[in-house]
2 protein chains.
Amino acid sequence: MAKKKILRIKDIAKAAGVSVGTVDRVLHKRGKVSDKALKKINAILTKNEYKPNLIARTLGSNKSYKIAALLPNPQQDPYWSIAYQGIIQAETEWSHYGLRVVSCVFDLLKKESFKETAERVLKQKPDGILIAPIFYNETLPYFKLFYKKGIPYVLFNTNITESNGLSFIGQDLYQSGRVAAELICLGQQGKATFGVLHVDEDLNDSVHLLEKERGFKDFIKENYKGDSSIESLNRTSSSDFSFKKRLAALLNKTDLKGVFVSSSKGTATAATFLKSHGKDGIRLVGYDLLEKNIEYLKSGAIDFLIHQKPQQQAFEGISSLANHLIFKKDPPSINLFPLEVITRQNMGSYLIERPHSISIPE
Amino acid sequence: MAKKKILRIKDIAKAAGVSVGTVDRVLHKRGKVSDKALKKINAILTKNEYKPNLIARTLGSNKSYKIAALLPNPQQDPYWSIAYQGIIQAETEWSHYGLRVVSCVFDLLKKESFKETAERVLKQKPDGILIAPIFYNETLPYFKLFYKKGIPYVLFNTNITESNGLSFIGQDLYQSGRVAAELICLGQQGKATFGVLHVDEDLNDSVHLLEKERGFKDFIKENYKGDSSIESLNRTSSSDFSFKKRLAALLNKTDLKGVFVSSSKGTATAATFLKSHGKDGIRLVGYDLLEKNIEYLKSGAIDFLIHQKPQQQAFEGISSLANHLIFKKDPPSINLFPLEVITRQNMGSYLIERPHSISIPE
DNA sequence: ATTTTTAGTGTGTGCGCACACATTTTTTAG
DNA sequence: CTAAAAAATGTGTGCGCACACACTAAAAAT
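One structure accompanies this document, and this report is about it. From a predicted model like this one, the values you see are computed outputs, not experimental measurements.

A few points about the relation of the copies chain B and chain A
- Rotating chain B by 180° about the axis while translating it 0.3 Å along that axis superimposes it on chain A, leaving an RMSD of 0.4 Å. Such a combination of turn and shift is consistent with a two-fold rotation axis.
- Mapped onto chain A, 98% of the interface residues of chain B are again interface residues, and the two copies thus contact each other with one and the same surface.

Set out below in structure tokens:
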């Protein structure tokens, strides 16, 4: 029943026979402190494990931080619209602690637009950056710039391992593809063809989509019982005729047993195709709880969705930066979200609004 | 670009031409305030939506709260052991804000033990109670007592709708059963028998298990393509011979297509049975990421687990009470967790330690 | 008309910390 | 041996809020 007394700076000072100012200097490594005092204070510190009261800390220092969020235009794609909501939410919840978020959006399909927007971000001179690095080659030089300028940055959605950022928030995409394959194979057997669809994204730079495909293929090769072939189709735009033809051919295969779509928006598109071809019995696995996807899942056209939690990713991204700046508390360098499987029966439980507020460390 | 100024009590006071004391009285409904001042302040309040700075609030009031946690003995069952970890974690994370948690554990199988422990809880005179009300009839009178004494209490794991508690944290059990059924039916057809196993729990009071069974049966009746029958078995103790015989009979049925176990510990038990009967090809659906369950899921004996998140439930339970007491911020009266489906392929993503810290409201 | 009551209001302090500034002590220079 | 510079340490203030307390003015009682 030892009443666990919490150690304040004041207590340390008294114990060391110095003033709070000296302790403060030791804690923050500022100013000069005599060897004697330093040793005495450090001894007490290590022995008693001082933990600053973060609440008091933020209250006192009334600083204000600006974070720039660099992501695709939310109006172009419902997925990014949901991510954007997470940013807005994080901003409102952190606003009390002197945090502002400036969102800078670029055209999902134009690398040039990305570059311009990245420049705009730099002009803002933000204290931190949240970035969705969907263009691999274009992003790399900016990481270097951020680093040189000493601006902490957090990646979300897509990882670039050599980024050296403060943190990455997202999912294991390879494993995500494996989960999709597992769900497609479940209870199926015999000679089979599976389709992989990439819809409206530039595959050249979309490492993330290819990772999913790789996981998908690997799993099927390793686990599918029976002969299997996998056909990968890539739609470059909504008026891509060659895609339409190849898709029709794929859907006509009698041994087509499942289709995997690598993006959330594409999932609804694919469901529409399947339905219009009268093939909505084919097992379809895609991504995310977009409105349309929810409808198709309900109606049975979609069988499984893997939840990428774009909103939470963005929210945690902002929160990571906020904690770093305000509380000087660093996030883990990799924050991998679970690969949540959505079915007709558990969908409802995911649509409930859940309390969701900012986390402060310690 | 309107610089969103944050409204402090001081600002309100100035705007209303009164002192901070008067505003404080209005905000906390204490003391007397003239009609004129009241109206003026309220006008400003509703117009500008004042949000107190919770950080400052906690800093000032240096109170200390005691929460009692009333749950089954963690050593009896790994499920409750995980829940207990959530309590410990919540306690350490909240300890800085003057929160202590006293855990009071009872025998999972003895109603008398529950009563005794509940009495012990009351003697503690806690400021809040977290309770796992697994015994329906025995718990009800205590809810009344808590209420009469004005002690806020939060339920988790099992809901008792007429409880009138501050909040319930858990899952929709009926729907949980439906998810299990959905997973069992997936890709299966033809004449089938399904088994429902309840292991080592007193079914008379276990509303929660029966709810799961009801959901399971309903789904199959509504959705299974083909004749189906469902057999429900209930093991009362590990030496229940009648159960063993009936189980053996069930496992010998050639049309047995799936087994659903209603509890987490039971899931591993059932997997062992299936394996020893050479029937681990039968689809098995159970609950939670217990160590044994993880092993069986890996090896293929278990096909799906539904994740009840006992640790998070307990953690959020304590957090709800803490927010209520410290920040005077009430949780939603029902906090339903999603029904997360664990498979071989996504299991890994659930086993990663994720950052998880306390949330403060606003 | 003076005292007492009370409705209404204002002021002051502290929570733990950061940081600017004031003060003391020690060292170095002249 | 004093003056100036440098090093080390101490003091004070404010962050936004809660709450105890002090205070004023008007109403009620004597």
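Additional details are given in the paragraphs that follow.
Some details on the environment of B:P152
All names here are of chain B.
- With respect to the helices and strands, the residue P152 is situated in the loop between α7 (136–149) and β4 (153–156).
- The exposure class assigned to P152 is buried, which follows from its relative accessible area of 17%.
- Along the primary structure P152 and I67 are separated by 85 residues, whereas in three dimensions their C-alpha atoms are 9.7 Å apart.
- In this structure, P152 is in contact with D127, G128, I129, L166, L321, H324 and L325, ignoring residues within four places of it in sequence.

Section: the protein's contact with DNA strand C
- Residues in contact with DNA strand C amount to 25 residues; listed here are only the nearest, A:R30, A:Y50, A:R57, B:S19 and B:G60.
- When the atoms of DNA strand C within 4 Å of the protein are sorted by group, sugar and phosphate make up 72%.
- Measuring from a phosphate oxygen of DNA strand C, one finds a side-chain N or O atom of A:R8 at 3.2 Å.
- Here A:H28 contributes a side-chain N or O atom positioned 3.1 Å from a phosphate oxygen of DNA strand C.
- Those elements that provide at least two residues to the surface near DNA strand C are α2 (20–28) and α4 (54–60) of chain A together with α2 (20–28) and α4 (54–60) of chain B.

Remarks on the sheet that holds strand β5 (residues 167–170) of chain A
Residues and elements named next belong to chain A.
- The strand order across the open sheet built from 6 strands is β2-β1-β3-β4-β5-β11, with neighbouring strands paired in parallel fashion. The sheet is open, and its two edges are formed by β2 (99–106) and β11 (334–336), each paired on a single side. Taking each pair of neighbouring strands and ignoring which way they run, the sheet shows an average axis angle of 15°.
- Where strand β4 (residues 153–156) lies against β5, 3 bridges are found, and the strand directions are parallel. Paired with V154 across the strands is S167, a residue of β5.
- Running over the sheet, helix α13 (residues 310–326) touches β1 (65–72), β2, β3 (128–131), β4, β5 and β11 and is turned about 165° from β3.

Thoughts on the interface of chain B and chain A
- The interface of chain B with chain A comprises 47 residues on the first partner and 46 residues on the second.
- Considering only the side of chain B, the residues that lose the most area to chain A are B:I55, B:H96 and B:Q345, jointly responsible for 17% of the buried surface there.
- At the surface where chain B touches chain A, the tally comes to 0 salt bridges.
- Summed over the shared surface of chain B and chain A, the number is 14 residue pairs in polar contact (both at pLDDT 80 or more).
- Among the secondary structure elements, those contributing two or more residues to the side of chain B that touches chain A are α4, α8 (173–185), β11 (334–336), β12 (340–342) and α14 (344–351) of chain B.
- Residues of the side of chain B that touches chain A, tallied by class, amount to 23 nonpolar, 13 polar and 11 charged.

Analysis parameters
- Residues numbered from 1 in each chain as written.
- Chains lettered and ligands numbered in written order.
- Predicted model: local features only at pLDDT ≥ 70, side-chain atom pairs only at ≥ 80, totals over all residues.
- Heavy atoms only, no water.
- Least-squares fit on C-alpha atoms with pLDDT ≥ 70 in both.
- Contact = heavy atoms within 4.5 Å.
- Helix = DSSP H or I, 4+ residues; strand = E, 2+ residues; numbered from the N terminus.
- Buried < 20%, exposed > 50% of the residue type's maximum accessible area, 1.4 Å probe, protein only.
- Near = heavy atom within 4 Å.
- Polar contact = N/O pair within 3.5 Å; in protein donor to acceptor, adjacent residues only side chain to side chain.
- Pairing = 2+ DSSP bridges.
- Axes fitted to C-alpha atoms, helices over the stretch in contact; angles between N-to-C directions.
- Buried area = accessible area lost by both parts, 1.4 Å probe.
- Salt bridge = Lys/Arg side-chain N within 4 Å of Asp/Glu carboxyl O.
- Nonpolar A, V, L, I, M, F, W, Y, C, P; charged D, E, K, R; others polar.

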